[in-house]
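Descriptive analysis of the structure
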Amino acid sequence: MTRQVEVIGHRGARGLFPENTIEGFRQCLVLGLRSFELDVGMTADGVVVVSHDPALNPTITRDAAGHWLSGTAPLIHHLTFDALRSYDVGRIRLGTPYRTLFRAQKGCDGARIPRLADVLRLSAEATFIIELKTDPRHPDWTADPVTLARAVLGVVDAAGAAGRVILESFDWRGPRYVRRTRPEIRLAWLTRDETVRDATRWWDGISPVDFGHSVPAVVAAQGGHIWAPAADSVTRVSVAEAHALGLGVIPWTVNRRAA
Ligand code: MG
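Overview of the structure. (Residues numbered from 1 in each chain as written. Predicted model: local features only at pLDDT ≥ 70, side-chain atom pairs only at ≥ 80, totals over all residues. Heavy atoms only, no water.)

Each helix and strand counted, the chain has 10 helices and 8 strands in total. At 18 Å, the chain has a C-alpha radius of gyration in line with the 18 Å of a compact globule built from 259 residues. Summarising its shape, the C-alpha atoms of the chain cover approximately 55 × 40 × 35 Å along the three principal directions. Classification of the 259 residues of the chain by burial places 47% in the buried group. A fraction of 62% describes how many contacts in the chain between residues 6 or more apart in sequence connect residues 24 or more apart. For the chain, the exposed area adds up to about 12600 Å²; of that, 52% sits on carbon and sulfur atoms. (Helix = DSSP H or I, 4+ residues; strand = E, 2+ residues; numbered from the N terminus. Rg over C-alpha atoms; globule rule 2.2 N^0.38 Å. Buried < 20%, exposed > 50% of the residue type's maximum accessible area, 1.4 Å probe, protein only. Contact = heavy atoms within 4.5 Å. Areas by Shrake-Rupley, 256 points an atom, 1.4 Å probe, with all protein chains shown as cover.)

In this section: the coordination of the magnesium ion. At the metal site, the magnesium ion is ligated by Glu-37 (OE), Asp-39 (OD) and Glu-131 (OE), and these contacts range over 1.9 to 2.1 Å. Sequence spacing of the donors to the magnesium ion: E-x1-D-x91-E. Of the two residues, Glu-37 sits in strand 2 (residues 35-42) while Glu-131 sits in strand 4 (residues 127-132), which places them 94 residues apart along the sequence. A relative accessible area of 7% places Glu-37 in the buried class. A residue is classified by how much of its surface remains accessible, and Glu-131, at 5% relative accessible area, is buried. (Donors = N, O, S within 2.8 Å, 3.2 Å for Na, K, Ca; no water.)

Attention shifts here to the packing of helix 5 (residues 145-158) against helix 6 (residues 173-181). Axis separation between helix 5 and helix 6 bottoms out at 8 Å; the angle between their running directions is 55°. If you check the angle between helix 5 and helix 6, you find them oblique. Crossing angle aside, the handedness with which helix 5 passes helix 6 is right-handed. Where helix 5 approaches helix 6, its residues Pro-145, Val-146, Ala-149, Arg-150 and Leu-153 are matched on the opposing element by Arg-173, Gly-174, Tyr-177 and Val-178. Class assignment for the residues of the contact of helix 5 with helix 6 results in 6 nonpolar, 1 polar and 2 charged. (Axes fitted to C-alpha atoms, helices over the stretch in contact; angles between N-to-C directions. Parallel < 35°, antiparallel > 145°, perpendicular 65-115°, else oblique. Left-handed = near helix turned anticlockwise from the far one by under 90°. Nonpolar A, V, L, I, M, F, W, Y, C, P; charged D, E, K, R; others polar.)

A cis amide bond, omega -25°, links Trp-252 with the succeeding residue Thr-253. You can see Thr-253 is positioned in the segment after strand 8 (248-249). Phi angles above zero are rare outside glycine, and Arg-11 is one such case at about 55°. Position of Arg-11 among the secondary structure elements: in the loop between strand 1 (9-10) and helix 1 (22-31). Here the phi dihedral of His-213 falls at roughly 60°; this positive angle occurs in a residue that is not glycine. Within the secondary structure, His-213 is located in the loop between helix 8 (199-202) and helix 9 (215-221).

Listed below in structure tokens is the structure:
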């Protein structure tokens, strides 16, 4: 049997280019990458944008005057899309741990936080794993999960991309809404140790206790297609169990070659 490992550009491909930017996605496409993971949130005026963090990240963000953000940065959910566009996210600040981790990342000054719609338009064939960034511990940081999921589906449909996206979230309220209303959309069910420990909160009331403490069994019971566990938490046994349940497994995030 030939085994293939699919290469997925995480946050675009942040090891190479500024994360979650049009400039980064475009250069990845030139390199031949056709699978991406990206993260989404919503602005104050309801625009679905591609960003990992609920607030602007001072490590990668400069204001219109070119100054690095400091202190408490504004929440994306509190900014209009126009206001968001005044920030430059094209480079990692020197002297930060993020810069050390991704020292090969090529800067691209002037890059902005993009709309999901504009990213989906970059390629008619690429696959996008879209992470809905909501957090049940912080309902005031983002749009509510159903509002965000609905808006993302609207953008995906307008782009004719429903067949080549996978939606995912640690906060399962969004994916469960998608499951109920759009069962044809592929989903990945993200987990990490913390969300398993506090599952009833993260999983919309579901407890792994009811599934013999098996996370793959919980995912399969959601009508899941893909389990997306933290890479350092998966074992041969849990992957075999997921495969036996008919699930694909997408571990995250593998940043080092040995891993
Ligand atoms: Mg993500």
